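# Fold and contact review
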There are 6 protein chains.
Amino acid sequence: MGTSQAQRPPATVAMVEESAATPRVREIYDDIKATKQIDFVPNFWKTLASHPPLLEETWTRLKAVMAPGRLDARTKEMIALAVSATNGCNYCIHSHTAAVKKLGLDDAGLGELLAVVSLFNGTNALADGYQIEPDVIPQVDISGSSD
Amino acid sequence: MGTSQAQRPPATVAMVEESAATPRVREIYDDIKATKQIDFVPNFWKTLASHPPLLEETWTRLKAVMAPGRLDARTKEMIALAVSATNGCNYCIHSHTAAVKKLGLDDAGLGELLAVVSLFNGTNALADGYQIEPDVIPQVDISGSSD
Amino acid sequence: MGTSQAQRPPATVAMVEESAATPRVREIYDDIKATKQIDFVPNFWKTLASHPPLLEETWTRLKAVMAPGRLDARTKEMIALAVSATNGCNYCIHSHTAAVKKLGLDDAGLGELLAVVSLFNGTNALADGYQIEPDVIPQVDISGSSD
Amino acid sequence: MGTSQAQRPPATVAMVEESAATPRVREIYDDIKATKQIDFVPNFWKTLASHPPLLEETWTRLKAVMAPGRLDARTKEMIALAVSATNGCNYCIHSHTAAVKKLGLDDAGLGELLAVVSLFNGTNALADGYQIEPDVIPQVDISGSSD
Amino acid sequence: MGTSQAQRPPATVAMVEESAATPRVREIYDDIKATKQIDFVPNFWKTLASHPPLLEETWTRLKAVMAPGRLDARTKEMIALAVSATNGCNYCIHSHTAAVKKLGLDDAGLGELLAVVSLFNGTNALADGYQIEPDVIPQVDISGSSD
Amino acid sequence: MGTSQAQRPPATVAMVEESAATPRVREIYDDIKATKQIDFVPNFWKTLASHPPLLEETWTRLKAVMAPGRLDARTKEMIALAVSATNGCNYCIHSHTAAVKKLGLDDAGLGELLAVVSLFNGTNALADGYQIEPDVIPQVDISGSSD
């Protein structure tokens, strides 16, 4: 209870190890390992398990959003990496770089991806920095039908 | 199909009006109005309805996360406003300011809230700008039990 | 010279119209229109022309980076949109949404893209917010050969 | 003078230890320890002391802003943590997590807090990503009286 | 009280006009006009006056920080603009661009400034995106003397 | 191929050491060392060399943008540090702090610089957080001549 000057643990809360997980948490852990085809539970998920509803809703949503649809799995992981590099999230950059490499992107492909990320972080600052008024507007059908 | 220099519509896709919604989308619209006690569907939700799964997963998650728990509704809305002000999201700032006012925060309370947001956006830049090593570490029980 | 309370012009500097452009600027304008297959020069480029070296270096770099390579043109535009949505850059979001639509992405595809962007902006905040230590590390061949 | 490839020190400037502090700096250090009820001076403040006016103005302002008013101390610390998680500031996240725990927030409370932070970092990207026009506007009394 | 779909007012709270200001607020307004040599009170300050302590502490701090020291006034305004362009803050970009122009920066100078801002927003994304370990470390005298 | 729980290497790709560089990469390395007057190739550049076009375009652009013009070298490096501190980019903050120190900025000057960065990260959040309408607009000559 209270602050200390101790060594930094691997997160600001205690992670829930597999051996200490409740049945529901273990079920989610098993689904994570099966879905991602890995043999350990990453720190990210063991940390969210410190508040089980957060683990459940985050995993459920991630699994749904990352399922291939109009965009394939690799494109989705590349977008995840682009977002993470823009935000500078260390954990996420490592994790999504591992994922895109696993899905076949080589160093030249990663270089192209980060070149695009770098370029537009730069041009975003120009468009904002000059307060340029939008004039290239996507065509929108304003009839308003659903689907 | 293609770009134009037309007037900006209220979003980059067509919003789905209530009168044009499918039964499932209308059901969600009704839940939004009932839960938020408002008599119209905000642009945010009418825009997400351009891709119904996005509407459904976002509303389901928001409803679950914003339900009062250890933190009450007003505290959660204040945190939402703090995040939105930090990110500079126009739509979100208007919407969450309306919500905290509705929940009883007056101008002085809003001033205190934004003073805290302003202060720590400033000190974040100092801690990062000097690359200060963390030494005030929360105490973590690393025994790793779940709950 | 000095501040005023006038109406906001379309940028904080005067844009260079085609009719007023120097030969070198006009050459770049022509290349922009030909490369992007549009019949007008967008505000972004007319604004950068207020400092011609900035126009030239930005256009040269954008043209090189956006050329299809291991990643195709649509993937690159989707990444540009992901970056711009994460940064909240109004001009850029409009422009890149127009581009991905022109390249065939429909509303469902855009919904999937923004669902991924939204999800990972959220999980980035969790990984950072809990200060989770990276453990999913991409495999790196540290032998250090070039190419 | 000049760059090197040495080990990283705990900040980019030399911290001012208590034993080496001028009387005015020591006075502020003592106030920090008394106000925060801790028995050491955190790295953050020892670093700002490398430019004493920065130490003084930052501490003075933080002390004023964080004093309980319409919002209590714990709410203010939670907002500080929400801002720091959104910005991904390592030092600040550790420090404010320690503070909210000290003020009684348990792991479930922290989980709720970060779930809100995560959710709205995600929805901010949607509202910006679709460029949705604000329609939920807080009611403002434009008569313009001061208190 | 409550949300509406009305026209957006110029801020989410009522601004305090000069004619309606309390003596203390008017005193600060007069100091702002005199210090900045302008004949109106900008919206920013009239908005902060909705919570007078916020007006007072923000103005006091800004006046102290912006006073010329080792860095001159124009350099400080350029840094303010660099920060504002990086954050994409519309109000701030307009205001600081007006200030640097008033202090003599012409369009070419502004172009150079924003070229630097653009470049490093881009390289920041590369350094983070590749998770490159710092090796260019500023030399720090760790003897720890305070000035 | 695939993920592991190994120790973190100094980047997510293999850096290209000088001894393993192709002639073109070595040429750029030599230019970097000569231009920056250092006797080693920083990790940043050895990492970009994993995709040689990225190394070449980034170095070429950086060299052009950082050449003294209306703004001198130290001012440009200070702006680079302001951007990096705002983004919280660890590598970049270390590197640009080393650079400004090398160019003669002492701890008091660095303190002034970061005080400005901190202040405006704070006021940006206020201007956005209150959604204040721009009224201090730079004077723009809309006649539209190019230079």
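Here is what the cut-offs are and how they apply
Residues numbered from 1 in each chain as written. Chains lettered and ligands numbered in written order. Predicted model: local features only at pLDDT ≥ 70, side-chain atom pairs only at ≥ 80, totals over all residues. Heavy atoms only, no water. Helix = DSSP H or I, 4+ residues; strand = E, 2+ residues; numbered from the N terminus. Rg over C-alpha atoms; globule rule 2.2 N^0.38 Å. Buried < 20%, exposed > 50% of the residue type's maximum accessible area, 1.4 Å probe, protein only. Contact = heavy atoms within 4.5 Å. Areas by Shrake-Rupley, 256 points an atom, 1.4 Å probe, with all protein chains shown as cover. Least-squares fit on C-alpha atoms with pLDDT ≥ 70 in both. Phe/Tyr/Trp six-rings, centres within 6.5 Å; stacked < 30°, edge-to-face > 60°. Buried area = accessible area lost by both parts, 1.4 Å probe. Salt bridge = Lys/Arg side-chain N within 4 Å of Asp/Glu carboxyl O. Polar contact = N/O pair within 3.5 Å; in protein donor to acceptor, adjacent residues only side chain to side chain. Expected span 1.5 Å × (residues − 1). pLDDT = per-residue confidence, 0-100. Nonpolar A, V, L, I, M, F, W, Y, C, P; charged D, E, K, R; others polar. Disulfide = S-S within 2.5 Å. Axes fitted to C-alpha atoms, helices over the stretch in contact; angles between N-to-C directions. Parallel < 35°, antiparallel > 145°, perpendicular 65-115°, else oblique. Left-handed = near helix turned anticlockwise from the far one by under 90°.

## A look at the overall build of chain A
If you tally the helices and strands in chain A, you get six helices and two strands. Taken from N to C terminus, the helices and strands of chain A fall in the order β-α-α-α-α-α-α-β. For a compact globule of 147 residues, the expected C-alpha radius of gyration is about 15 Å, and chain A comes in at 20 Å, more than 25% above that figure. The C-alpha extent of chain A, read off along each of the three principal axes, is 55 × 45 × 35 Å. The proportion of buried residues among the 147 residues of chain A is 65%. For chain A, the share of sequence-separated contacts (at least 6 apart) that also reach a separation of at least 24 residues comes to 46%. Accessible area for chain A stands at about 5,300 Å²; split by element, carbon and sulfur atoms hold 49% of it.

## Remarks on the relation of the copies chain A and chain C
Take chain A, turn it by 180°, move it 0.0 Å along the axis, and it overlays chain C with an RMSD of 0.0 Å. When the rotation and shift are considered jointly, the pair of chain copies conforms to a two-fold rotation axis.

## Observations regarding the relation of the copies chain D and chain F
With an RMSD of 0.0 Å, the fit of chain D onto chain F corresponds to turning through 120° and sliding 0.0 Å along the axis. Here the two chains are linked by the operation of a three-fold rotation axis.

## Quick look at the packing of aromatic side chains
The description of an aromatic ring pair uses the distance of the two centres, along with the angle that the planes make with each other. Residues and elements named next belong to chain A. Applying the stated criterion to the full structure yields 18 aromatic pairs over all chains. Seen in terms of ring centroids, Trp-45 and Trp-59 are 5.3 Å apart; in terms of plane orientation they differ by 85°. Their pairing is edge-to-face. Here Trp-59 lies in helix H3 (residues 52–66) and Trp-45 lies in helix H2 (residues 43–48), a separation of 14 residues in the sequence. Of the two residues, Trp-45 and Trp-59, both sit in the buried class. Among the aromatic residues, ring-to-ring pairing joins Phe-44, Trp-45, Trp-59 and Tyr-91 into one connected group.

## So, the interface of chain A and chain C
In this complex, chain A contributes 72 residues to the contact, which on the side of chain C involves 72 residues. Both sides of the chain A and chain C interface together cover about 6,300 Å² of buried area, and 69% of this is carbon and sulfur. Between Lys-76 of chain C and Glu-112 of chain A there is a salt bridge, and its shortest N-O distance comes to 3.5 Å. In this structure, the connection of chain A to chain C is made through 27 residue pairs in polar contact (both at pLDDT 80 or more). Those elements that provide at least two residues to the side of chain A that touches chain C are H2, H3, helix H4 (73–87), helix H5 (90–102), helix H6 (107–129) and strand S2 (137–138) of chain A.

## Points about helix H4 (residues 73–87) of chain E
The terminal C-alpha atoms of H4 of chain E lie 21 Å apart, and with 15 residues this matches the ideal 21 Å at 1.5 Å per residue to within 8%. With twelve of its 15 residues buried, H4 of chain E lies for the most part within the structure. Residues of H4 of chain E that are buried include every one of Thr-75, Lys-76, Glu-77, Met-78, Ile-79, Ala-80, Leu-81, Ala-82, Val-83, Ser-84, Ala-85 and Thr-86 of chain E, and no others. The inward-facing, buried residues of H4 of chain E abut H6 of chain A, helix H3 (52–66), helix H5 (90–102) and helix H6 (107–129) of chain E together with helix H4 (73–87) and helix H6 (107–129) of chain F. Positive backbone phi, at 70°, marks Gly-88 of chain E, one or two positions downstream of H4 of chain E.

## Things to note about the confidence of the model for chain A
Do not read the fine detail of predicted coordinates wherever pLDDT is low. When the pLDDT values of chain A are averaged, the result is 93; 92% of them are 70 or greater. Overall fold confidence (pTM) sits at 0.96, and the ipTM for the predicted complex is 0.94.

## Concerning the interface of chain D and chain F
Many authors give the size of an interface as the accessible area that is lost as the parts come together. Taken together, the contacts link eleven residues of chain D with 13 residues of chain F. Taken together, the two surfaces of chain D and chain F that pack against each other cover about 1,200 Å², and 64% of this comes from carbon and sulfur. Linking chain D with chain F are zero salt bridges. The interface formed by chain D and chain F includes one residue pair in polar contact (both at pLDDT 80 or more). Considered class by class, the residues forming the side of chain D that touches chain F number three nonpolar, six polar and two charged.

## With respect to the state of the cysteines
Residues and elements named next belong to chain D. One pass over the structure, following the stated rule, counts six disulfides over all chains. One disulfide in the model links Cys-89 with Cys-92; its S-S distance is 2.3 Å. Taking the sign of the S-S torsion, about 40° here, the bridge from Cys-89 to Cys-92 comes out right-handed. The pair formed by Cys-89 and Cys-92 is uniform in burial state, with each residue classed as buried.

## Here's the deal with the side chain of Ser-118 of chain D
By the secondary structure assignment, Ser-118 of chain D is in helix H6 (residues 107–129). Each residue touching Ser-118 of chain D, except ones within four places of it in the same chain, is listed here: Arg-61 of chain B together with Gly-122, Thr-123, Ala-125 and Leu-126 of chain C.

## Thoughts on the packing of helix H1 (residues 23–36) of chain C against helix H3 (residues 52–66) of chain C
Residues and elements named next belong to chain C. Their axes nearest at 11 Å, the elements H1 and H3 cross at an angle of 25°. Comparing their axes, H3 and H1 come out roughly parallel. As for the relative orientation of H1 and H3, their crossing is left-handed in sense. In this structure, H1 contributes Arg-24, Val-25, Ile-28, Tyr-29, Asp-31, Ile-32, Thr-35 and Lys-36 to the contact, and H3 contributes Pro-52, Leu-55, Glu-56, Trp-59 and Lys-63. For the contact of H1 with H3, the residue count by class is seven nonpolar, one polar and five charged.

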